[in-house]
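Each chain is listed here by its residues.
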Amino acid sequence: MATNKVVVAGSDVTASQLKDLFRQIDDRSINGEIIQAVLDHRNPFPEVGVLKSGFVSDLANTALQLTAWQKFYRELFGIKLDTSKIVIPKRRAGFDRLIVVAKGLKLNQVFQKCGALFGTWSSIDDLDKSVTKNDREPTASYAIWIRDRVEADQELKGRSADDLAERKVSGITLLERMLWELFYFKETGKHLDIKNVTLCSGSRHSDGLVPHAYWGPDDRKFYVDWTNRDYADDDLRSREAVSV
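Draft legend 1. Molecular detail of the pairing of strand β4 (residues 142-146). Taken across its five residues, β4 has five buried, putting it largely inside the fold. Residue alternation in β4 divides its side chains into two sets, Y142, I144 and I146 and A143 and W145, and both sets are buried. In the sheet, strand β1 (residues 97-101) pairs with β4 via five bridges, with the strands oriented antiparallel. Directly across from V101, in β4, lies its bridge partner Y142.

Following this line, the structure appears as C-alpha coordinates:
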(Lines give C-alpha, C1' and ligand atoms only; values in the text may rest on other atoms or scores of the structure.)
Protein backbone atom coordinates (compact mmCIF):
# COMPACT_ATOMS: atom_id res chain seq x y z
CA MET A 1 0.00 0.00 0.00
CA ALA A 2 1.40 3.38 -0.98
CA THR A 3 2.22 5.85 1.81
CA ASN A 4 1.81 9.57 1.37
CA LYS A 5 5.26 10.80 2.38
CA VAL A 6 4.80 14.52 1.81
CA VAL A 7 3.15 16.48 4.61
CA VAL A 8 4.20 19.93 3.36
CA ALA A 9 4.43 20.90 -0.29
CA GLY A 10 7.98 20.44 -1.55
CA SER A 11 9.01 18.57 1.62
CA ASP A 12 9.88 14.90 2.15
CA VAL A 13 8.95 15.01 5.84
CA THR A 14 6.63 12.14 6.69
CA ALA A 15 3.52 12.30 8.81
CA SER A 16 5.05 9.85 11.28
CA GLN A 17 8.15 12.05 11.63
CA LEU A 18 6.03 15.10 12.30
CA LYS A 19 3.97 13.18 14.86
CA ASP A 20 7.15 12.04 16.62
CA LEU A 21 8.49 15.61 16.59
CA PHE A 22 5.42 16.90 18.39
CA ARG A 23 5.59 14.00 20.85
CA GLN A 24 9.18 14.86 21.76
CA ILE A 25 8.31 18.54 22.12
CA ASP A 26 5.44 17.56 24.41
CA ASP A 27 7.56 15.30 26.64
CA ARG A 28 10.40 17.87 26.68
CA SER A 29 12.90 15.63 24.89
CA ILE A 30 13.21 18.51 22.43
CA ASN A 31 13.03 22.08 23.67
CA GLY A 32 12.83 25.53 22.09
CA GLU A 33 16.60 25.89 21.87
CA ILE A 34 16.89 22.77 19.73
CA ILE A 35 13.99 23.86 17.49
CA GLN A 36 15.54 27.31 17.01
CA ALA A 37 18.87 25.78 16.05
CA VAL A 38 17.12 23.68 13.38
CA LEU A 39 15.24 26.74 12.08
CA ASP A 40 18.53 28.63 11.89
CA HIS A 41 20.09 25.69 10.00
CA ARG A 42 22.53 25.15 12.88
CA ASN A 43 23.53 21.80 14.33
CA PRO A 44 21.59 21.55 17.63
CA PHE A 45 24.15 19.05 18.94
CA PRO A 46 27.51 20.43 17.78
CA GLU A 47 29.63 18.20 20.01
CA VAL A 48 29.33 14.64 18.81
CA GLY A 49 30.30 11.83 21.14
CA VAL A 50 29.01 9.16 23.43
CA LEU A 51 27.40 9.71 26.80
CA LYS A 52 30.26 8.42 28.93
CA SER A 53 32.89 10.47 27.10
CA GLY A 54 31.56 13.74 28.50
CA PHE A 55 31.61 15.35 25.04
CA VAL A 56 27.93 15.23 24.28
CA SER A 57 26.31 18.65 24.29
CA ASP A 58 24.54 19.57 27.51
CA LEU A 59 21.12 19.30 25.88
CA ALA A 60 21.70 15.87 24.38
CA ASN A 61 23.48 14.68 27.52
CA THR A 62 20.63 15.73 29.78
CA ALA A 63 17.94 14.26 27.50
CA LEU A 64 19.74 10.92 27.27
CA GLN A 65 20.25 10.70 31.01
CA LEU A 66 16.67 11.64 31.82
CA THR A 67 15.47 8.91 29.47
CA ALA A 68 17.76 6.42 31.21
CA TRP A 69 16.34 7.41 34.60
CA GLN A 70 12.78 6.99 33.31
CA LYS A 71 13.64 3.44 32.29
CA PHE A 72 15.39 2.80 35.62
CA TYR A 73 12.38 3.85 37.69
CA ARG A 74 9.92 2.03 35.47
CA GLU A 75 11.82 -1.26 35.61
CA LEU A 76 12.96 -1.27 39.26
CA PHE A 77 10.20 0.57 41.10
CA GLY A 78 7.23 0.61 38.73
CA ILE A 79 7.34 4.42 38.83
CA LYS A 80 6.37 6.51 35.81
CA LEU A 81 8.83 9.39 36.18
CA ASP A 82 7.49 12.71 34.88
CA THR A 83 10.64 14.51 33.75
CA SER A 84 8.79 17.55 32.43
CA LYS A 85 8.55 19.09 35.90
CA ILE A 86 12.10 18.38 37.04
CA VAL A 87 14.27 21.49 37.24
CA ILE A 88 17.75 20.59 35.99
CA PRO A 89 20.53 22.48 37.80
CA LYS A 90 23.04 24.39 35.69
CA ARG A 91 25.87 21.95 35.11
CA ARG A 92 29.36 22.88 36.25
CA ALA A 93 32.47 21.72 34.39
CA GLY A 94 33.42 18.21 35.45
CA PHE A 95 29.99 17.36 36.83
CA ASP A 96 28.64 15.08 34.11
CA ARG A 97 26.46 12.52 35.89
CA LEU A 98 22.82 13.34 36.53
CA ILE A 99 21.17 11.73 39.56
CA VAL A 100 17.36 11.89 39.54
CA VAL A 101 15.39 11.33 42.73
CA ALA A 102 11.73 10.48 42.24
CA LYS A 103 9.05 12.14 44.37
CA GLY A 104 8.22 10.29 47.57
CA LEU A 105 11.08 7.80 47.38
CA LYS A 106 12.11 6.31 50.74
CA LEU A 107 15.50 5.18 52.05
CA ASN A 108 14.21 1.76 53.14
CA GLN A 109 12.58 1.29 49.74
CA VAL A 110 15.85 1.90 47.89
CA PHE A 111 17.99 -0.11 50.32
CA GLN A 112 15.61 -3.08 50.02
CA LYS A 113 15.86 -2.87 46.23
CA CYS A 114 19.64 -2.96 46.57
CA GLY A 115 19.26 -6.09 48.70
CA ALA A 116 17.15 -7.73 46.02
CA LEU A 117 19.96 -7.33 43.49
CA PHE A 118 23.14 -7.79 45.55
CA GLY A 119 24.39 -8.29 49.09
CA THR A 120 23.81 -5.47 51.59
CA TRP A 121 24.61 -4.64 55.21
CA SER A 122 23.52 -1.77 57.44
CA SER A 123 24.17 -1.21 61.13
CA ILE A 124 20.66 0.28 61.39
CA ASP A 125 17.49 -1.56 60.38
CA ASP A 126 15.14 1.39 59.80
CA LEU A 127 16.89 4.04 57.72
CA ASP A 128 13.72 6.08 57.27
CA LYS A 129 13.34 6.49 61.01
CA SER A 130 17.02 7.03 61.75
CA VAL A 131 17.96 9.57 59.07
CA THR A 132 16.14 12.70 60.19
CA LYS A 133 17.88 15.42 58.20
CA ASN A 134 18.76 15.69 54.50
CA ASP A 135 19.90 18.68 52.47
CA ARG A 136 17.38 17.67 49.81
CA GLU A 137 14.11 15.83 50.29
CA PRO A 138 12.01 14.20 47.51
CA THR A 139 8.88 16.22 48.24
CA ALA A 140 8.99 16.60 44.45
CA SER A 141 11.18 14.84 41.89
CA TYR A 142 14.53 16.59 41.58
CA ALA A 143 17.96 16.21 40.00
CA ILE A 144 21.57 16.89 40.94
CA TRP A 145 24.86 16.74 39.06
CA ILE A 146 27.84 14.84 40.47
CA ARG A 147 31.25 13.88 39.10
CA ASP A 148 30.99 10.69 37.05
CA ARG A 149 33.42 8.53 39.03
CA VAL A 150 33.60 5.09 40.58
CA GLU A 151 35.42 6.42 43.64
CA ALA A 152 34.25 9.35 45.78
CA ASP A 153 35.76 12.78 45.10
CA GLN A 154 39.50 12.87 45.68
CA GLU A 155 39.21 16.64 45.98
CA LEU A 156 37.33 16.11 49.26
CA LYS A 157 39.58 13.53 50.90
CA GLY A 158 40.44 14.30 54.49
CA ARG A 159 37.40 16.57 54.88
CA SER A 160 34.92 15.84 57.65
CA ALA A 161 31.23 16.62 57.38
CA ASP A 162 31.74 19.60 59.70
CA ASP A 163 34.59 20.86 57.54
CA LEU A 164 32.50 20.54 54.37
CA ALA A 165 29.60 22.40 56.00
CA GLU A 166 31.94 25.20 57.07
CA ARG A 167 33.28 25.45 53.51
CA LYS A 168 29.70 25.37 52.15
CA VAL A 169 30.39 22.28 50.03
CA SER A 170 27.10 20.56 49.17
CA GLY A 171 27.52 16.81 49.57
CA ILE A 172 25.52 13.84 48.34
CA THR A 173 22.72 12.49 50.55
CA LEU A 174 22.37 8.84 51.54
CA LEU A 175 19.32 8.44 49.30
CA GLU A 176 21.17 9.90 46.31
CA ARG A 177 24.21 7.69 46.97
CA MET A 178 22.12 4.51 47.16
CA LEU A 179 20.29 5.41 43.96
CA TRP A 180 23.65 5.96 42.25
CA GLU A 181 24.76 2.50 43.43
CA LEU A 182 21.61 0.92 41.99
CA PHE A 183 21.78 2.85 38.73
CA TYR A 184 25.49 2.12 38.24
CA PHE A 185 24.93 -1.58 38.91
CA LYS A 186 22.08 -1.74 36.40
CA GLU A 187 24.20 0.14 33.87
CA THR A 188 27.48 -1.77 34.27
CA GLY A 189 26.95 -4.79 36.55
CA LYS A 190 29.67 -3.30 38.77
CA HIS A 191 29.81 -1.27 41.99
CA LEU A 192 31.06 2.06 43.33
CA ASP A 193 33.62 2.89 46.02
CA ILE A 194 35.70 -0.26 45.79
CA LYS A 195 38.75 1.38 47.39
CA ASN A 196 37.28 4.35 49.23
CA VAL A 197 34.10 5.33 51.08
CA THR A 198 31.48 7.93 50.19
CA LEU A 199 30.72 10.22 53.10
CA CYS A 200 27.05 11.13 52.61
CA SER A 201 27.54 14.58 54.12
CA GLY A 202 24.13 15.76 52.89
CA SER A 203 22.41 13.52 55.48
CA ARG A 204 22.36 13.18 59.26
CA HIS A 205 21.29 10.55 61.77
CA SER A 206 18.99 11.72 64.55
CA ASP A 207 21.99 11.76 66.92
CA GLY A 208 24.16 13.78 64.52
CA LEU A 209 26.15 10.92 63.01
CA VAL A 210 26.83 11.03 59.27
CA PRO A 211 26.11 8.03 57.01
CA HIS A 212 28.69 6.60 54.66
CA ALA A 213 28.46 3.92 51.96
CA TYR A 214 30.82 1.67 50.03
CA TRP A 215 31.16 -1.71 48.35
CA GLY A 216 33.02 -4.47 50.19
CA PRO A 217 34.81 -6.44 47.44
CA ASP A 218 35.83 -9.28 49.77
CA ASP A 219 32.38 -10.31 50.98
CA ARG A 220 30.61 -8.61 48.04
CA LYS A 221 28.20 -6.45 50.03
CA PHE A 222 27.00 -2.87 49.83
CA TYR A 223 27.61 -1.29 53.24
CA VAL A 224 25.82 1.59 54.96
CA ASP A 225 27.38 2.70 58.23
CA TRP A 226 27.94 5.86 60.28
CA THR A 227 30.73 8.15 61.43
CA ASN A 228 31.15 11.19 63.64
CA ARG A 229 30.54 14.52 61.91
CA ASP A 230 34.06 15.75 62.83
CA TYR A 231 35.86 12.57 61.72
CA ALA A 232 38.19 12.86 58.72
CA ASP A 233 40.28 10.34 56.80
CA ASP A 234 41.82 10.22 53.33
CA ASP A 235 39.69 7.26 52.24
CA LEU A 236 36.47 8.83 53.56
CA ARG A 237 35.35 11.31 50.88
CA SER A 238 32.09 12.99 50.06
CA ARG A 239 30.73 13.45 46.55
CA GLU A 240 29.97 17.08 45.78
CA ALA A 241 26.48 17.75 44.46
CA VAL A 242 25.35 20.56 42.18
CA SER A 243 21.71 21.32 42.91
CA VAL A 244 19.18 24.03 42.20
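Draft legend 2. Structural context of the side chain of R136. For R136, the location among the structural elements is in the loop between β3 (131-134) and β4. Given a relative accessible area of 11%, R136 falls into the buried group. From its side chain, R136 meets the backbone oxygen of G171 in a polar contact 2.9 Å long. In this structure the side chain of R136 is engaged in a polar contact, spanning 2.7 Å, whose partner is the side chain of E176. Apart from residues lying up to four places away in sequence, R136 is in contact with Y142, I144, S170, G171, I172, T173, E176, A241 and S243.

Draft legend 3. Structural detail: unusual backbone geometry. Positive phi is not limited to glycine here, since K168 has a value of about 60°. Within the secondary structure, K168 is located in the loop between α6 (161-166) and α7 (174-188).

Draft legend 4. Molecular detail of α7. Between its first and last C-alpha atoms α7 spans 21 Å; for 15 residues at 1.5 Å apiece the expected length is 21 Å, and the two agree. Within α7, twelve of the 15 residues are buried, which leaves the element mostly enclosed by the surrounding structure. All buried positions along α7 are accounted for by L174, L175, E176, R177, M178, L179, W180, E181, L182, F183, Y184 and F185. Of the residues flanking the end of α7, it is G189, one or two places downstream, whose phi is positive at about 75°.

Draft legend 5. Layout of the packing of aromatic side chains. With the rule as written, the count across this model stands at 13 aromatic pairs. Both rings, one in F72 and one in Y73, keep their centres 5.2 Å apart while their planes meet at 80°; by these two values the pair is edge-to-face. Both residues of the pair, F72 and Y73, count as buried. On the numbers, 5.8 Å between centres and 85° between planes, the contact of F118 with W215 is edge-to-face. With F118 in the loop between α4 (107-117) and β2 (119-122) and W215 in strand β7 (residues 210-216), this pair connects stretches of sequence that are 97 residues apart. Members of the aromatic cluster, each reached through a chain of ring pairs, are W69, F72, Y73, F77 and F183.

Analysis parameters
Residues numbered from 1 in each chain as written. Predicted model: local features only at pLDDT ≥ 70, side-chain atom pairs only at ≥ 80, totals over all residues. Heavy atoms only, no water. Buried < 20%, exposed > 50% of the residue type's maximum accessible area, 1.4 Å probe, protein only. Helix = DSSP H or I, 4+ residues; strand = E, 2+ residues; numbered from the N terminus. Pairing = 2+ DSSP bridges. Polar contact = N/O pair within 3.5 Å; in protein donor to acceptor, adjacent residues only side chain to side chain. Contact = heavy atoms within 4.5 Å. Expected span 1.5 Å × (residues − 1). Phe/Tyr/Trp six-rings, centres within 6.5 Å; stacked < 30°, edge-to-face > 60°.

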